[in-house]
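As a plain string of letters, each chain reads:
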Number of protein chains: 2
Amino acid sequence: MAQYNLKKHIENARDKKAELVIKNARVVNVFTEEIEEGDVGIADGLILGIGDYDAARVIDAKGAYLCPGLIDAHLHIESSVAHPSRFCDAVLEKGTTTLICDPHEMANVCGARGIRYMLRETEDVPLNAYFMIPSCVPCTSFETSGFKLYARDMEEFLSHPRVLGLGEVMDSVAVVNCEETMLEKLALFEGGCMDGHAPLLGGDRLNAYVTAGPRTDHECGEYWEIKEKLGKGMYILLRLGSVCRGMDGIFRRIAEEKLPTRRLCFCTDDKHMEDIRVEGHMNYILRRAVSNGIDPIHAVQMATINSAEAHRLERIGAVSPGYKADLVLFDNLKDFNVLSVIVGGKPFVRGAEHSLQRMEGIYDSVRLAPRAPDCLQLRVNGKTPVLNAVDNELLTHLTMEEVPSKDGLFTPTGDLLKLALLERHHASGRIGLGIMRGFRIHNGAVASTVGHDSHNLVVAGDNDADMLKAVDLLEECGGGYVVVSGGVALAKLPLPIAGLMSDLSLNEMEERLRQLLDALRGIGEWSGESDPFIWLSFISLPVLPNVRLTDLGVFDVTKMQFVGKGDA
Amino acid sequence: MAQYNLKKHIENARDKKAELVIKNARVVNVFTEEIEEGDVGIADGLILGIGDYDAARVIDAKGAYLCPGLIDAHLHIESSVAHPSRFCDAVLEKGTTTLICDPHEMANVCGARGIRYMLRETEDVPLNAYFMIPSCVPCTSFETSGFKLYARDMEEFLSHPRVLGLGEVMDSVAVVNCEETMLEKLALFEGGCMDGHAPLLGGDRLNAYVTAGPRTDHECGEYWEIKEKLGKGMYILLRLGSVCRGMDGIFRRIAEEKLPTRRLCFCTDDKHMEDIRVEGHMNYILRRAVSNGIDPIHAVQMATINSAEAHRLERIGAVSPGYKADLVLFDNLKDFNVLSVIVGGKPFVRGAEHSLQRMEGIYDSVRLAPRAPDCLQLRVNGKTPVLNAVDNELLTHLTMEEVPSKDGLFTPTGDLLKLALLERHHASGRIGLGIMRGFRIHNGAVASTVGHDSHNLVVAGDNDADMLKAVDLLEECGGGYVVVSGGVALAKLPLPIAGLMSDLSLNEMEERLRQLLDALRGIGEWSGESDPFIWLSFISLPVLPNVRLTDLGVFDVTKMQFVGKGDA
């Protein structure tokens, strides 16, 4: 079969047997870094060459720029809250034809089954969906996830044709300290691809970390970090998603200092569907990079061949004979507006039907213990920890304050909300309680089952009754987002897929998200531009500075210890 | 074990447990393209990092330039006529620490056994000897090799840890025409590394060729060829060995046109021991590249990390934590004189003892039929083909001439020598006879069992008696080089290893080679700077323009047909 295909492909190229031709294109050659003019012949999913071609089907590029299909070098589809097949549609429309997915969120909720689900649900998508196997499930021991993933649980994925290696190795401490269960995972994937995740790691500890295996990093927030990690052989995945947005200065610095770009790539990491649909996906990063002075062809390399090399993908990422015919036609190399997308040799057409499959253990992920009416009561005594939000940041600050109380129980005010984190995987009944300042809710509550990285149920509000109602509603629908006031749901988006993803169409999903934000604006207010649902989804991640709330209590990330167990 | 090593390596880097330190080096960082100053710590064969290190063993670089050990991206060790272990010593001294070997010559003489021999004899060498499995044995059907190698013969090598893929795919016609036995080989190595060899191939046929798999080419003699092949996704291995020397113009053009260098590499292909010892190895190419305007750091990349990427070698080719501690210290980045070499974390010391192993089928490769005294008689009648040498070139020209004869038999003169090619693998008794012009021999003969690519026995002389004596002598010693005059051997270098390589020490070998040239000068003369032994070793390769002599007769390469069967 391999030989039969080989023969056909060789003959197609030799005899110019094109099925589809793109005429009059300006082709970006990522190898010579030049623009070539000519027709691109395509057959059997492969590029035949650039020259004079004829075929039954012709696309006239009218002088537009033809680039290799774009590669997102690292992302979590789950962060879009869309089903994987619909996510693929949305990004294809923006010219992205290859994804390096890390199903870290699904694995935290559903374990190996969650990874299997993501692989299965991307089996028939038109784009190339590759996977890295999550290395840090759970992310830390300071919260309770649905599953723990050990090396032995990962073995089944080693031989999967779309699995490339080990997903972002977040627990750099475990690596550098040679913790046994981490070494087992690193040894299992030895010699394979390994993504890193090591914010601010440098010096000897970074030397130890790269020695252990990880060869990419997408957490560089500072230029010196890029410089050091690049210099130590890492591929740097420059990230521009919904959450981390400060890339302009870094792009400018790269351009000004003429940093060699061959080991620089682009990724989104986490990007919400609305942002993808409004501003774009990898094409948006291209636009921003070029507007900040990066050479357009270097930028295209960073979105294509560089990422292919970083993940050892062959015959992807260039407009070249024998390469997969994944192509995107842009209006120009400044705005990167997508005129047309070819994937696997076929023009992409939006609006395909998807038949979603219900898989056991995926649609029933919310498992809560019965709740007593007083389960959210927070007893306070003297100075109490408060989580303070910062406008437009995921950062929080910890303060110790005297807070309003009655009979020794915290009473929320307009300024101070109650925050609860309910363990939702094992029906343990464990609830972490805290107090937050940063957005206001009057007579209501907001709740979500998306809560990085363990995805417990987070609820914030100014009264226990609405908070408990919100929890009830999410339990009923298998997880999601909800806004409640006066005992009534004002808006709701069910996320029945592990409590993380919707099974609605993109348009329905967006309508519901809009309703949720409108409802929340009706009963509350917040400054800055952060989306409160996204902000809430990170309040439980005990690696983000400076203070977090998990099901085990209020956690001081700077000291790596709990400062309040909730009910003191 | 993997895990144990991993732990040790992580701890070494983290805790700076260096065994060896190189102090005061200017380190060439191939990732950032900058020079870093600092100490390089080394332990357990790996680089720990660049910083402040101390160790029991210290090398003071005194400000010299520390580069990654150099990589020869494509070579045939056999062309040096030295035993592999001694070859490794010689190139290590020049800073080469990684070889991508193609044992094409051994395979032509000894088949799979020859490949096994080369793998075994490089098992304990200090440098990294990787292998590509020869794809074209024999090279063509116009000569008789010792063995034919089919896909089924290659399977045993697929899992060898030092085998990287399929060796230079020379028979581009078979590829483009989809010949079955070629497709079988390509399919066997599908997805693996494949070296190409496609001089002057372009356009649709090149598209077909790269689609088939080969992803490197070392045959580019023209800049346009480099441009086209690079643009079609090939890595270009710029070759500077003993035979093909015209690289200066290409280096200048690359520098002038600022051609992106990330997919350009260096290789020697064929380089003789004397040339290696006198001018250098990869360090000589570096010197020539830089003297022709290539940026020194780009040149170092071309000799290191680029080649590693081309052949998917991980953790080789950079001075970076976790990388193999293969390092070379140069006086400067212009002359590239080697001050010191570290390989696998240990300083290289010349003069190691090698215990060579005799392997059955390797030391008894010369199998000739008994020869009658008249077996070299060449009957001529009218215009007869003559092979004309060109000074300093492997190129030959074909002329049809009336030649001196007596009783219908060619009689050599000072100007015209008799040339004979004796099939030496199967004792078939087949002899190709021809006439050559280009160097003179008076009263003598010169013979060799090195004859690309089938390595039959070639002998040239002005009288049959000395020619036959030379053949007898080479038969006796299992192959080699010999100069005979008046029935006596004036000088001889036995090459008992497949008739291709010596088992003498490098110094003894060179002494013999010098004696051979002196002896030949005593009885003959030639213009130009070509070594007559090397020139003779290519006279039988029926893919080099314009005319060759094989055991099947005089072959017109331009017409791809025989023009004289010898005894007409």
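Everything here concerns the structure above.
Residues numbered from 1 in each chain as written. Chains lettered and ligands numbered in written order. Predicted model: local features only at pLDDT ≥ 70, side-chain atom pairs only at ≥ 80, totals over all residues. Heavy atoms only, no water.

**Side note on the overall build of chain A**
Link 1 in the chain: Check the secondary structure of chain A and you find 17 helices and 31 strands.
Link 2 in the chain: Taking 568 residues into account, the globule formula puts the C-alpha radius of gyration at 24 Å, and chain A, at 24 Å, falls close to it.
Link 3 in the chain: Considered along the principal axes of its C-alpha atoms, chain A spans approximately 85 × 50 × 45 Å.
Link 4 in the chain: A burial count over chain A gives 63% of its 568 residues as buried.
Link 5 in the chain: Long-range contacts, defined here as pairs at least 24 residues apart, represent 69% of the contacts in chain A between residues at least 6 apart. (Helix = DSSP H or I, 4+ residues; strand = E, 2+ residues; numbered from the N terminus. Rg over C-alpha atoms; globule rule 2.2 N^0.38 Å. Buried < 20%, exposed > 50% of the residue type's maximum accessible area, 1.4 Å probe, protein only. Contact = heavy atoms within 4.5 Å.)

**Structural notes on unusual backbone geometry**
Link 1 in the chain: Along the chain, Val137 of chain B connects to Pro138 of chain B via a cis peptide bond; the corresponding omega equals 0°.
Link 2 in the chain: Within the secondary structure, Pro138 of chain B sits in the loop between β8 (128–133) and α5 (151–154).
Link 3 in the chain: Although it is not a glycine, Lys62 of chain A adopts a positive phi angle of roughly 50°.
Link 4 in the chain: Of note, Lys62 of chain A is situated in the loop between β4 (57–60) and β5 (65–68).
Link 5 in the chain: Take Lys62 of chain A: its relative accessible area is 71%, and that puts it in the exposed class.
Link 6 in the chain: Not every positive phi belongs to a glycine, and Cys178 of chain B is a case in point at roughly 55°.
Link 7 in the chain: Its place among the elements puts Cys178 of chain B in the loop between α6 (172–176) and α7 (180–188).
Link 8 in the chain: On the accessibility criterion, Cys178 of chain B (5% relative accessible area) is buried.

**Thoughts on the environment of Thr558 of chain B**
All names here are of chain B.
Link 1 in the chain: Following the sequence through the fold, Thr558 ends up in the loop between β30 (553–556) and β31 (561–564).
Link 2 in the chain: The exposure class of Thr558 is exposed, given its relative accessible area of 54%.
Link 3 in the chain: Along the chain, Thr558 and Tyr323 lie 235 residues apart, while their C-alpha atoms are 48 Å from each other.
Link 4 in the chain: At 2.4 Å, the side chain of Thr558 and the side chain of Asp556 are in polar contact. (Polar contact = N/O pair within 3.5 Å; in protein donor to acceptor, adjacent residues only side chain to side chain.)

**Section: the interface of chain B and chain A**
Link 1 in the chain: Opposite the 56 residues of chain B that make contact, chain A presents 56 residues.
Link 2 in the chain: Scanning the region where chain B abuts chain A turns up 12 salt bridges.
Link 3 in the chain: Measuring nitrogen to oxygen at the nearest pair gives 3.1 Å for the salt bridge that ties Arg312 of chain B to Glu314 of chain A.
Link 4 in the chain: On inspection of chain B and its partner chain A, the count reaches 28 residue pairs in polar contact (both at pLDDT 80 or more).
Link 5 in the chain: Going through the elements one at a time, α1 (2–15), β3 (46–51), α6, α7, α8 (203–212), α9 (223–231) and α14 (305–310) of chain B are the ones with two or more residues in the side of chain B that touches chain A.
Link 6 in the chain: The element best represented in the side of chain B that touches chain A is α1 of chain B, accounting for 9 residues. (Salt bridge = Lys/Arg side-chain N within 4 Å of Asp/Glu carboxyl O.)

**A closer look at helix α16 (residues 506–523) of chain B**
A turn of α-helix holds 3.6 residues, and therefore any two residues three or four places apart point the same way.
Link 1 in the chain: When the terminal C-alpha atoms of α16 of chain B are compared, their 26 Å separation across 18 residues agrees well with the 26 Å that a helix rising 1.5 Å per residue should span.
Link 2 in the chain: Turning to α16 of chain B, its buried residues are Leu506, Met509, Glu510, Leu513, Leu516, Leu517, Ala519, Leu520 and Ile523 of chain B. (Expected span 1.5 Å × (residues − 1).)

**Quick look at the sheet that holds strand β13 (residues 264–267) of chain B**
Residue and element names in this part refer to chain B.
Link 1 in the chain: Taken in spatial order, the 8 strands make up an open sheet running β6-β7-β8-β9-β10-β11-β12-β13, and their pairing is parallel. Unpaired on one side and paired on the other, β6 (70–75) and β13 mark the two borders of the sheet.
Link 2 in the chain: Judged from the 2 bridges that link them, strand β10 (residues 193–196) and strand β11 (residues 216–217) form a sheet pairing that is parallel. Considered in β11, the bridge of Asp195 is made with Thr216.
Link 3 in the chain: Contacts between α9 and the sheet are confined to β11, β12 (235–239) and β13, with β12 contributing the most and set at about 150° to the helix. (Pairing = 2+ DSSP bridges. Axes fitted to C-alpha atoms, helices over the stretch in contact; angles between N-to-C directions.)

**Observations concerning the packing of aromatic side chains**
Link 1 in the chain: A complete count under the given rule lists 17 aromatic pairs over all chains for this structure.
Link 2 in the chain: Between the aromatic rings of Tyr481 of chain A and Phe533 of chain A, the centroid separation amounts to 4.7 Å while the plane-to-plane angle is 35°, which identifies the pairing as tilted. Of this pair, Tyr481 of chain A sits in strand β26 (residues 480–485) while Phe533 of chain A sits in helix α17 (residues 532–537), placing them 52 residues apart in sequence. Across the pair, Phe533 of chain A and Tyr481 of chain A agree in class, each one buried.
Link 3 in the chain: Measuring from centroid to centroid gives 6.3 Å for Phe142 of chain B and Phe562 of chain B, while their planes differ by 70°, and the two rings are edge-to-face. (Phe/Tyr/Trp six-rings, centres within 6.5 Å; stacked < 30°, edge-to-face > 60°.)

**Here's the deal with the side chain of Asp551 of chain B**
Residue and element names in this part refer to chain B.
Link 1 in the chain: Among the structural elements, Asp551 can be located in the loop between β29 (547–550) and β30.
Link 2 in the chain: At 2.6 Å, the side chain of Asp551 forms a polar contact with the side chain of Thr144.
Link 3 in the chain: A distance of 3.0 Å separates the side chain of Asp551 from the side chain of Arg430, its partner in a polar contact.

**A few points about the pairing of strand β24 (residues 445–448) of chain A**
Each regular strand carries side chains that alternate between the two faces of the sheet.
All names here are of chain A.
Link 1 in the chain: Going residue by residue along β24, you find Ala445 and Ala447 tucked away on one face and Val446 and Ser448 tucked away on the opposite face as well.
Link 2 in the chain: In this sheet, strand β25 (residues 457–461) lies alongside β24 in antiparallel orientation, the contact comprising 4 bridges. Residue pairing for β25: Ser448 is matched across the bridge by Val458.
Link 3 in the chain: Direction of pairing for β24 relative to β26: antiparallel, over a ladder of 4 bridges.

**Observations concerning the sheet that holds strand β31 (residues 561–564) of chain A**
Residue and element names in this part refer to chain A.
Link 1 in the chain: If you trace the 3 strands from one edge of the open sheet to the other, you get β29-β30-β31, paired in antiparallel fashion. Both edges of this open sheet fall to β29 (547–550) and β31, since each of them pairs with a single strand only. Strand-to-strand twist across the sheet, computed as the mean angle between neighbouring axes with direction ignored, equals 40°.
Link 2 in the chain: Strand direction decides the pairing type here: strand β30 (residues 553–556) and β31, joined by 3 bridges, are antiparallel. From the neighbouring strand, Val554 faces β31, where its bridge partner is Gly564.

Interpretation in functional terms is not warranted from these geometric data alone.
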